[in-house]
Each structure stands twice: as structure tokens, then as C-alpha cells.
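Here are the chains, one letter per residue:
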Amino acid sequence: MRMARRFPPIRFSNASNCVKASDFSVAHQWRDRVVDLTDHRGPAGWRAAQALAREGALVYLGDTTPRERACNFDQRARELGHEALVLQWASEPRGQIRSDACPPHAEKVTLSEDQEPSDNRAHAPGVVTLVGGGPGEPNLLTVAALKAIVRADVILLDRLGVALNVMDLAPGALVLDVGKAPGRHKMSQECINDTMLAFAREGARVVRLKGGDVFIFGRGGEEWRFLAAHGIRVDIVPGITSALSVPAHAGVSATYRNVTRAVTIISGHQPFNNAELSALVALGGTIVILMGVATFPSTVAGLRAAGLPDSTGVALLEQGYTARERHTFTTLGAAIEDARSRNVTNPAIIVIGDVVNVRETSAELTETTPLAATE
């Protein structure tokens, strides 16, 4: 069993005092130091000030413009009625940040990030970046995802994936929890779209952070189309989909030479019809089902009726890449009973196919037989 890990600190170089504004999870080497950021009046300056202050530095900014910009985003969240969804306010200092006269002994810090404008384009539209956060392991975030997160003014979080870890990386961002659970939506999709649009029109860099990949049942295409139709630039940062990474972490290869050369990723949110079940069986490949726990009994019964052998391997992989990760390996003939006895719940990845019976046992897993179940 693996424990979920938090982001390690990204350390700055003391020798040069040259800080990348995208490296905001700093080490405690800044505690009790006095830092001069008076030359940086744009968004990068505010984000760096928040990170350094949170780590114990006393930070001086040249004026209040950066904080006022963050205050505007906070106020917009209140106007939209999202106070209950706010996990972190953008303008609330996470330490000592001052805008009065900087003392002469303060250490001047130069931000080496690509130069950002000083925010003279207050009325220019912002940009929305749809970011795939991967399966939940922070180390599986892409470099592009990290850069987008730490440069964000506003972050809309999904329920799954890296989720709350982003506040370690984005201490200067307004963070909203808009995650959806089956049957329980904190914010409708229409409201999510409107919220992204509202902040982008305020000039914000908005990150829509999703679990897995933005285009694997993430509604990324819908959000992109909506924003583009309203004249907002949209950038895409693909993520590692849980449909393949969670099975891989459990030792299950979606394809395997001389076993299967096809894999179908399919949503189990709605029950499969007979035509779909017959097509899956006829293809003879690996079936990976997301959001399929509620419909699992009907799926198993339908696949058996369509001719899939009872000996076919089944893996139910719960809470992938979290401290509560649990694997249940069984066969199609015993799957319904085993899932019920183990009380398998969402979120879970379901893998059905012969690849389950030839899975590899990693050093972190203890089962040794094809039908073992691990806690």
C-alpha cells in the first residue's frame, strides 16, 4: 500500500537570489529574512510574495496593485455567490507582506520567470487553461501542468486527482472547489462554464484542474467550445488518464503481447445495452470501465450473457494513488459476489480481460495469486 505524498519543496538558490516565479513552494531557508520585491508589481510579484511570506520571510512590495488585483478576483467570487466553495482566497496574505518603505538591508530578489506585463492591460481578457491533473500522484503532474497551476490567478478544482495539493503550489491563487460526486454536484456544469468565463473576462489566468486527462470523460471539449464561443483563449494541458495509470500501478497492463492488442475505455455511468455488450465481447480486448461501480452487477451479467467466459479476469481498483488504495482481483464468474463482499465503492477503475490474469506483482503489492485481494 502506498501512502499519498505531498509535493516536495522546490528550493531556490541562495547564491544568486534569483527566483523563478513559477517555483513557489519554497524551503524554510527564507524564514526571518527580509525580502525586497519592490521592482515587481505584476501578478508574478504577488505570487512570489505570498510564497515567501508563507515560508516566514518579511516581504516588501512596491505598491498595492498586485494585492488589489487579487482582491478584485476575491470580490468577483463573492458577487457570484461562491463563498462556500472557496478553499483559499487570493488576496489574504499567508504571512507578512508590506507595501511601505522597504528597509535598505532587505535582500533584493529577482524573478527569473518570463517577464509578465505589469498589469496595464486590466481590461484585456484572460485565458483559461484546461489542465489534466493525472491520477492523484503529485509526481505524475506534467511540467506544463505545474507551470499552469503556479501561474494561475483562479483555480477551479475537480473532486479527483491532485486536488488540495495545488494550494502548496499556488499560494497566491483564488481556489474554488467545484468537484462533482455521483448525484452530488457542488456546482452545475453550466455554472462552472459561466464562472470560468466571468473570471477570464476580469483578466484572470484561470486553471480548470481536472483529475486524469481533460478529454477522457472530463467534459473538456464542452468547456473549450463554450469559452471559445465567447471569445476566450483556451490552452490545453493533457494529463495522465487514470484509466491506464491506475491499472498500471496495480500491475495490470492494458495491452499484452499474445494476450490482447486492443483496449476499450468506456463510461459505466449508464447501463450498457445488448449491442454494446456484444460488441465488447466480440472485440476480445481489454475493457476499462470508469464510473461503473453502480452498474457493475448489470455489466457483469450482461457480459456473461453475451458470451464472455466466467474465467475472464476482473480487477476492481479503488482510490488509485491515495492512502486508501485497494485492489480486488477476481473473475467474471465470481465478480458480483466479491465486489459485494468487499463493499467496492467509487471512485474505482474496473478492468475486465485476460490481461488481469497475467498481471505483474510489483514490489509494493503482496498478492501472489491471480485471485488474491489486497487491502
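Refer to the preceding data block for the structure.
Residues numbered from 1 in each chain as written. Predicted model: local features only at pLDDT ≥ 70, side-chain atom pairs only at ≥ 80, totals over all residues. Heavy atoms only, no water.

Draft legend 1. Main features of the packing of helix H8 (residues 274–283) against helix H9 (residues 296–305). For the pair H8 and H9, the least separation of the axes is 9 Å and the interaxial angle reads 60°. Classed by the angle they form, the pair H8 and H9 counts as oblique. Between H8 and H9 lies a crossing whose hand is right-handed. Counted together, Leu277, Leu280 and Val281 of H8 and Thr299, Gly302 and Leu303 of H9 form the full contact between these two elements. Across the contact of H8 with H9, the residue classes tally to 4 nonpolar, 2 polar and no charged. (Axes fitted to C-alpha atoms, helices over the stretch in contact; angles between N-to-C directions. Helix = DSSP H or I, 4+ residues; strand = E, 2+ residues; numbered from the N terminus. Parallel < 35°, antiparallel > 145°, perpendicular 65-115°, else oblique. Left-handed = near helix turned anticlockwise from the far one by under 90°. Contact = heavy atoms within 4.5 Å. Nonpolar A, V, L, I, M, F, W, Y, C, P; charged D, E, K, R; others polar.)

Draft legend 2. Representation of the pairing of strand S9 (residues 154–157) within the structure. Every second residue of S9 is oriented toward a common face, with Val154 and Leu156 on one face and Ile155 and Leu157 on the other, all of them buried. Pairing of S9 with strand S10 (residues 174–177), which is carried by 4 bridges, proceeds in the parallel orientation. What sits directly across from Ile155, in S10, is Val175. Strand direction decides the pairing type here: S9 and strand S13 (residues 205–210), joined by 4 bridges, are parallel. Bridging from a neighbouring strand, Leu156 pairs with Arg208 of S13. (Buried < 20%, exposed > 50% of the residue type's maximum accessible area, 1.4 Å probe, protein only. Pairing = 2+ DSSP bridges.)

Draft legend 3. The pattern of salt bridges, seen in detail. Following the criterion strictly, the structure yields 14 salt bridges and no others. Ionic pairing is found between Asp100 and Arg98, a salt bridge with its closest N-O pair at 2.5 Å. Given the relative accessible area of 37%, Asp100 is considered partly exposed. You can call Arg98 partly exposed: its relative accessible area is 38%. Here the residues in one salt-bridge network are Asp158, Arg208, Lys210 and Glu223, joined through shared partners. (Salt bridge = Lys/Arg side-chain N within 4 Å of Asp/Glu carboxyl O.)

Draft legend 4. Broad picture of the packing of helix H5 (residues 189–201) against helix H6 (residues 220–229). One way to put it is that H5 packs onto H6 with a least axis distance of 10 Å and a crossing angle of 45°. Taken together, the axes of H5 and H6 lie oblique to each other. For H5 against H6, the interelement crossing comes out right-handed. Packed against H5, whose contacting residues are Gln189, Ile192, Asn193, Asp194, Met196 and Leu197, the element H6 presents Glu223, Phe226 and Leu227 at the interface. Among the residues forming the contact of H5 with H6, the class breakdown is 5 nonpolar, 2 polar and 2 charged.

Draft legend 5. Here's a closer look at the nonpolar core. In terms of nonpolar packing, the biggest core is built from 42 residues, with Leu37, Leu174 and Phe199 touching the most fellow members. The biggest single contributor to this core is helix H1 (residues 43–54), with 6 residues. Core analysis: the second largest hydrophobic core is formed by 21 residues, Leu277, Val300, Val344 and Ile350 among them. (Core = buried A, V, L, I, M, F, W, Y, C linked by side-chain atoms within 4.5 Å.)

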